[in-house]
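Structural overview for review
Spelled out from the first residue to the last, the chains are:
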Amino acid sequence: MLNQFDLIIFDCDGVLVDSEIILCGVYADYFTSAGFPHTAAEVSEKYLGVSDETTVAMLAAEGMMLPATFSDDIQYLGKVALA
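Fair warning: this is a prediction, and the values are worked out from it, not measured in the lab.

On to the overall build of the protein. Counting secondary structure elements, the protein contains four helices and zero strands. Shown N-terminal to C-terminal, the secondary structure of the protein runs as helices and strands in the order α-α-α-α. For a compact globule of 83 residues, the expected C-alpha radius of gyration is about 12 Å, and the protein comes in at 17 Å, more than 25% above that figure. Dimensions of the protein along its principal axes, counting C-alpha atoms only, are 60 × 20 × 20 Å. Here the protein, with 83 residues, has 24% of them falling under the buried criterion. Long-range contacts, defined here as pairs at least 24 residues apart, represent 50% of the contacts in the protein between residues at least 6 apart. Accessible surface computed for the protein: about 6,200 Å², of which carbon and sulfur atoms make up 60%.

Structure below.
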């Protein structure tokens, strides 16, 4: 009975730390610093669950061009914020 399972996966994302709220703030700060003011609530409403590529396209459709380094920048800032 001890070896009934080969692997157990524990998914604690959002359980120990609600990372969505933190990351929406990171995105909002980034967009605001790039000249496109957003609040964390606006980011949550418009872009939560949307890929970075789609987010860039949505902003571009509104005339807001993000730096080419956006995806790398946001990944780094997200890691720093969640550390």
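Having seen the model, we can carry on.
Turning our eyes to something else, we now look at the packing of helix α1 (residues 19-33) against helix α2 (residues 40-47). Packing of α1 against α2 brings their axes to within 8 Å, and their N-to-C directions diverge by 105°. Overall, the two elements α1 and α2 adopt an arrangement that is roughly perpendicular. Taking contact as the criterion, the partners of Cys24, Gly25, Tyr27, Ala28 and Phe31 in α1 are, on α2, Ala40, Val43, Ser44 and Tyr47. The class makeup of the residues in the contact of α1 with α2 is seven nonpolar, two polar and no charged.

Looking now at the packing of α1 against helix α4 (residues 70-82). Orientation of α1 relative to α4, taken along the N-to-C sense of each, is 135°, at an axis distance of 10 Å. As far as their axial angle goes, α4 and α1 are oblique. Note on packing geometry: the crossing formed by α1 with α4 is right-handed. Facing Ser19, Ile22, Leu23, Val26, Tyr27, Tyr30 and Phe31 of α1, the residues of α4 in contact are Phe70, Asp73, Ile74, Leu77, Gly78, Ala81 and Leu82.

Conventions used here
Residues numbered from 1 in each chain as written. Predicted model: local features only at pLDDT ≥ 70, side-chain atom pairs only at ≥ 80, totals over all residues. Heavy atoms only, no water. Helix = DSSP H or I, 4+ residues; strand = E, 2+ residues; numbered from the N terminus. Rg over C-alpha atoms; globule rule 2.2 N^0.38 Å. Buried < 20%, exposed > 50% of the residue type's maximum accessible area, 1.4 Å probe, protein only. Contact = heavy atoms within 4.5 Å. Areas by Shrake-Rupley, 256 points an atom, 1.4 Å probe, with all protein chains shown as cover. Axes fitted to C-alpha atoms, helices over the stretch in contact; angles between N-to-C directions. Parallel < 35°, antiparallel > 145°, perpendicular 65-115°, else oblique. Nonpolar A, V, L, I, M, F, W, Y, C, P; charged D, E, K, R; others polar. Left-handed = near helix turned anticlockwise from the far one by under 90°.

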